[in-house]
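An overview of the molecular structure
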Amino acid sequence: MSSGTLASPGTEPLGPVPPPARRRRARRTLLLLALVCVLPVLASYFMFYVWQPQGRVNNGALLSLTPLPQSGLSGLGASRH
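Now for a description of the structure that goes with this document. These numbers were taken from a predicted model, which means no experiment stands behind them.

**Some remarks on the overall build of the protein chain**
Counting secondary structure elements, the protein chain contains one helix and zero strands. Among the 81 residues that make up the protein chain, the fraction classed as buried is 0%. Per element, the accessible surface of the protein chain, about 8,900 Å² overall, is 65% carbon and sulfur.

Rendered as structure tokens:
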């Protein structure tokens, strides 16, 4: 196993620095990506805690329960050979 070549203290270990325009574009892309990921979470907290609707509207009715018949399915045992 070799350690490779270590940079001396006075040199740049990461290579040349990108031009300022490229850094700005990379930073803008990173911020836009972070905004796209964080914005739905912030919107959900805002909708839940700040902007709550005053009234509730239910557009339906509960169905009444119908019990199943006690006899099994007809013809289930007759089709076996």
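**A closer look at a nonpolar patch on the surface**
On the surface, V41, Y45, F46, M47, F48, Y49, V50 and W51 cluster together to form a nonpolar patch covering roughly 930 Å² of accessible area. Along the chain, the position of F46 falls in helix α1 (residues 20-50). According to the relative accessible area criterion, F46 is partly exposed, its value standing at 46%.

**A word on the packing of aromatic side chains**
Considering all chains together, one arrives at two aromatic pairs under this definition. Measuring from centroid to centroid gives 6.0 Å for Y45 and Y49, while their planes differ by 15°, and the two rings are stacked. Separated by four residues within a single helix, Y45 and Y49 lie in helix α1, roughly one turn from each other. Centroid distance F48 to Y49: 4.9 Å. Interplanar angle 90°. Geometry classified as edge-to-face. Across this residue pair, the class does not change: F48 and Y49 are exposed.

**A short note on a positive patch on the surface**
On the surface, R22, R23, R24, R25, R27 and R28 cluster together into a positively charged patch. You can see R27 is positioned in helix α1.

Conventions used here
Residues numbered from 1 in each chain as written. Predicted model: local features only at pLDDT ≥ 70, side-chain atom pairs only at ≥ 80, totals over all residues. Heavy atoms only, no water. Helix = DSSP H or I, 4+ residues; strand = E, 2+ residues; numbered from the N terminus. Buried < 20%, exposed > 50% of the residue type's maximum accessible area, 1.4 Å probe, protein only. Areas by Shrake-Rupley, 256 points an atom, 1.4 Å probe, with all protein chains shown as cover. Patch = residues over 30% accessible without salt bridge, like charges linked within 9 Å, V, L, I, M, F, W, Y side chains within 5 Å. Salt bridge = Lys/Arg side-chain N within 4 Å of Asp/Glu carboxyl O. Phe/Tyr/Trp six-rings, centres within 6.5 Å; stacked < 30°, edge-to-face > 60°. Lys, Arg positive; Asp, Glu negative; His and termini not counted. Charge placed at Lys NZ, Arg CZ, Asp CG, Glu CD.

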